[in-house]
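Below are the chains, spelled out letter by letter.
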Amino acid sequence: MSSEALVELDAVEFAYAQRPILKGVRMRFPRGSVVAIMGGSGCGKTTLLRLIGGQLRPSKGGVRVESQDVAGLSHGALYRLRRRMGMLFQFGALFTDLTVFDNVAFPLREHTSLSETMIRDLVLMKLQAVGLRGAAQLRPAELSGGMARRVALARAVALDPMLIMYDEPFTGLDPISLGVIANLIRRLNDALGATSVLVTHDVEASLRIVDYVYILDGGLIVAEGTPEQIRASAEPVVHQFVHGEADGPVGFHYPAAGLAQSFGMGERP
């Protein structure tokens, strides 16, 4: 794994309207690495992926991919950069009217001028890598959840991207499918020499395959380190998250006014 960073976030701040999501976040993703971003729901994990992909622009700070300031790129330059990124969406996001083969072929047809013969060979190679070459003519409705996620993974790496982003890749999978997907993420990253960023809630599956972990809470990085360092951390937030404990510094309730104020109890005679 190289120490050179493919992606860098420098003091990134972001807010939706008046609601702050990220507060001065600094991250770096070395080339060839698999990095996990963890944290509770609504802490800004998916927002980070959108900032890296240029769908959103930071309020402050910078996001650089291959030393390019993503927010400062022209439309054409951003489009070219995105061609070198792969994305696996939370529930696969396969085209329901297309076969497995055509789903994986879609980015090749959209972004290249390769012949259909070459596209056929590349698609079958990607499907072979995820164990689904025999399912090429099936449609998404005929697939299990785990199979659909593997097809989505084959599509995400169809163009041999330098950066692969995963938004909750383990959601809704049975233990066997989860293990298969986790191993594929690691194996495909190493085979492609790519950099992978996982946004995930699944602590155990992620810590088995990643090189480094960031944990977010309240828009801030509250912990970072190798899987071994995260497992051994005595920080209350990290311990609560890693062990799935209900009681701890990460609260259950979204911030709100007191019950008496919400129900007008203080106004009653």
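Now for a look at the structure at hand. These numbers come from a predicted model, not from an experiment. (Residues numbered from 1 in each chain as written. Predicted model: local features only at pLDDT ≥ 70, side-chain atom pairs only at ≥ 80, totals over all residues. Heavy atoms only, no water.)

### Quick notes on the overall build of the chain
At step 1: Secondary structure assignment for the chain yields 10 helices and 10 strands.
At step 2: Put simply, the chain has 269 residues, and 46% of those count as buried.
At step 3: In the chain, of all internal contacts separated by at least 6 residues, the share reaching a separation of at least 24 is 66%.
At step 4: Accessible area of the chain: about 13,800 Å², with a carbon and sulfur share of 53%. (Helix = DSSP H or I, 4+ residues; strand = E, 2+ residues; numbered from the N terminus. Buried < 20%, exposed > 50% of the residue type's maximum accessible area, 1.4 Å probe, protein only. Contact = heavy atoms within 4.5 Å. Areas by Shrake-Rupley, 256 points an atom, 1.4 Å probe, with all protein chains shown as cover.)

### Considerations on the packing of aromatic side chains
At step 1: Per the counting criterion, the structure on display carries four aromatic pairs.
At step 2: For the pair F14 and Y16, a centre-to-centre distance of 4.8 Å together with 85° between the ring planes defines the contact as edge-to-face.
At step 3: Looking at F14, the relative accessible area reads 8%, which means it is buried.
At step 4: Since its relative accessible area comes to 29%, Y16 is described here as partly exposed.
At step 5: Both rings, one in F29 and one in Y214, keep their centres 6.1 Å apart while their planes meet at 75°; by these two values the pair is edge-to-face. Here F29, found in strand β2 (residues 19–30), pairs with Y214, found in strand β9 (residues 212–217); they are 185 residues apart in sequence, far enough to count as distant.
At step 6: Note on Y214: relative accessible area 3%, which makes it buried.
At step 7: The structure contains a cluster of three or more aromatic residues connected by ring pairs, namely F29, Y212 and Y214.
At step 8: The ring of F95 is capped by R155, whose NZ or CZ atom sits 5.4 Å from the centre of that ring. (Phe/Tyr/Trp six-rings, centres within 6.5 Å; stacked < 30°, edge-to-face > 60°. Lys NZ or Arg CZ within 6 Å of the ring centre and 35° of its normal.)

### Examining the sheet that holds strand β7 (residues 163–167)
At step 1: Ordered in space as β6-β7-β8-β3-β9-β10, the six strands form an open sheet in which the pairing is mixed. Both edges of this open sheet fall to β6 (85–88) and β10 (220–225), since each of them pairs with a single strand only. Pairwise comparison of adjacent strand axes, ignoring direction, gives a mean angle of 15° for this sheet.
At step 2: Bridge analysis of β7 against strand β8 (residues 195–199) gives five bridges, and the strand direction is parallel. Bridge pairing links L163 to T195 in β8.
At step 3: Sheet strands in contact with helix α6 (residues 175–192) are β3 (34–39), β7 and β8, and its direction is about 155° off that of β8. (Pairing = 2+ DSSP bridges. Axes fitted to C-alpha atoms, helices over the stretch in contact; angles between N-to-C directions.)

### Topic: the layout of surface pockets
At step 1: Taken as a whole, the largest pocket encloses approximately 760 Å³ of empty space.
At step 2: If you go around the largest pocket, you meet 24 residues; those closest to its centre are R82, M85, G86, M87 and F89.
At step 3: Taken together, the elements giving at least two residues each to the lining of the largest pocket come down to α1 (45–52), α2 (75–82), β6, α3 (100–111), α5 (145–156) and β7.
At step 4: Here the lining of the largest pocket is composed, by residue class, of 13 nonpolar, five polar and six charged. (1 Å grid on protein atoms, 1.4 Å probe; cavity = no way out; pocket = protein on both sides within 12 Å on 5 of 7 lines; lining within 4 Å. Points joined across faces, edges and corners; volume = space filled by probe spheres on them. Nonpolar A, V, L, I, M, F, W, Y, C, P; charged D, E, K, R; others polar.)

### What about the packing of α3 against α5?
At step 1: Interaxial distance between α3 and α5 falls to 8 Å at its minimum, and their mutual angle equals 25°. With respect to their mutual orientation, α3 and α5 come out roughly parallel. Where α3 crosses over α5, the two elements pack in a sense that is right-handed. Judged by residue contacts, V100, N103, V104 and P107 of α3 engage V151, A154 and R155 from α5.
At step 2: Here the residues of the contact of α3 with α5 are counted per class, giving five nonpolar, one polar and one charged. (Parallel < 35°, antiparallel > 145°, perpendicular 65-115°, else oblique. Left-handed = near helix turned anticlockwise from the far one by under 90°.)

### A short note on the nonpolar core
One recurring pattern in soluble globular proteins: nonpolar side chains tend to sit buried together.
At step 1: In this structure, M38, V123, L127, F170 and V213 are the most contacted members of the largest nonpolar core, which totals 50 residues.
At step 2: When residues in this core are grouped by element, the largest group, six residues, is from α6.
At step 3: Setting aside residues up to four positions removed in sequence, V213 forms contacts with A36, M38, L207, A223, E224, G225 and I230.
At step 4: Judged by nonpolar contacts, the second largest core, of 32 residues, contains V35, L73, A77 and M162. (Core = buried A, V, L, I, M, F, W, Y, C linked by side-chain atoms within 4.5 Å.)

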